[in-house]
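Survey of secondary and tertiary structure
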Amino acid sequence: EPEVTQTPSHQVTQMGQEVILRCVPISNHLYFYWYRQILGQKVEFLVSFYNNEISEKSEIFDDQFSVERPDGSNFTLKIRSTKLEDSAMYFCASRSGQASYEQYFGPGTRLTVT
Amino acid sequence: DAKTTQPTSMDCAEGRAANLPCNHSTISGNEYVYWYRQIHSQGPQYIIHGLKNNETNEMASLIITEDRKSSTLILPHATLRDTAVYYCIVRSRPGTASKLTFGTGTRLQVTL
């Protein structure tokens, strides 16, 4: 069964450094998402992406965040200058089409900012 | 999106049916009820969705009351692998963006 994959599974970085989290959505899916979950808290929406542009973003997704689909298969989340409070699990998700009700989530990347 | 209320936690014996309730009294006519679950910090997993009719798939059944103000997710024969946090989400039909707004969910513990 096709699945969303994410790399790395765990990333440790120092405050102020840039990180790029990578996702490979399910092939032929058209809608892509990033969510995050701080330890012990809710899963929070960050951004949705369709047709090579952001379709919606949350207040969390400020100028320090950016997303890209550089090559038609990968979907990346970049944090330019990480803060301690960016430490969280980051989940990528994809959806096949506009009429599809189901989002498929990846296993997540645990980001630890020290 | 309408607000949902779920119990914080529930226990269920393995092999028995797990019935997880959700209240969504402010649901509007075009909003669907979705259920997802999250097994121990893994990515959330879609279970089922419905509008007003009861729905069943290979994972679960969804029973929606006639007034649509509440629903119940039923796992007919719970196993230890069903231990997870279950999220009831109410939102409109999917569109271009279709973000999911997760609450705190119900932590289901399945025991021997």
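Fair warning: this is a prediction, and the values are worked out from it, not measured in the lab. (Residues numbered from 1 in each chain as written. Chains lettered and ligands numbered in written order. Predicted model: local features only at pLDDT ≥ 70, side-chain atom pairs only at ≥ 80, totals over all residues. Heavy atoms only, no water.)

1. Things to note about the packing of aromatic side chains
Within the structure shown, the criterion is met by 17 aromatic pairs over all chains. An aromatic cluster is defined as three or more aromatic residues linked by ring pairs; in this entry it consists of A:Y33, A:Y35, A:F45, A:F105, B:Y36, B:Y46, B:Y87 and B:F102. Geometry around A:Y31 places A:R95 over its ring, the cationic atom sitting 4.3 Å from the centre. (Phe/Tyr/Trp six-rings, centres within 6.5 Å; stacked < 30°, edge-to-face > 60°. Lys NZ or Arg CZ within 6 Å of the ring centre and 35° of its normal.)

2. Structural notes on the nonpolar core
One finds B:L20, B:W35, B:L73, B:L75, B:Y86 and B:L108 to be the most contacted residues of the largest nonpolar core, which totals 22 residues. Put simply, the parts of the chain that give this core at least two residues each are strand 2 (18-23), strand 3 (31-38), strand 4 (45-50), strand 6 (61-64), strand 7 (70-75), strand 8 (84-92) and strand 9 (106-111) of chain B. Here this core takes four residues from strand 8 of chain B, the largest share from any one element. Residues A:V4, A:V19, A:I26 and A:F65 belong to the second largest nonpolar core, which totals 21 residues. (Core = buried A, V, L, I, M, F, W, Y, C linked by side-chain atoms within 4.5 Å. Buried < 20%, exposed > 50% of the residue type's maximum accessible area, 1.4 Å probe, protein only. Helix = DSSP H or I, 4+ residues; strand = E, 2+ residues; numbered from the N terminus.)

3. Details of the interface of chain B and chain A
Residue-level contacts link 22 residues of chain B with 24 residues of chain A. Of the roughly 1900 Å² buried between chain B and chain A on both sides combined, carbon and sulfur atoms contribute 57%. Run the count over chain B and chain A and you get one salt bridge. The residue B:K99 makes a salt bridge to A:E56 at a minimum N-O spacing of 3.4 Å. Put simply, the parts of the chain that give the side of chain B that touches chain A at least two residues each are strand 3 and strand 4 of chain B. Class assignment of the residues belonging to the side of chain B that touches chain A gives a composition of ten nonpolar, ten polar and two charged. (Contact = heavy atoms within 4.5 Å. Buried area = accessible area lost by both parts, 1.4 Å probe. Salt bridge = Lys/Arg side-chain N within 4 Å of Asp/Glu carboxyl O. Nonpolar A, V, L, I, M, F, W, Y, C, P; charged D, E, K, R; others polar.)

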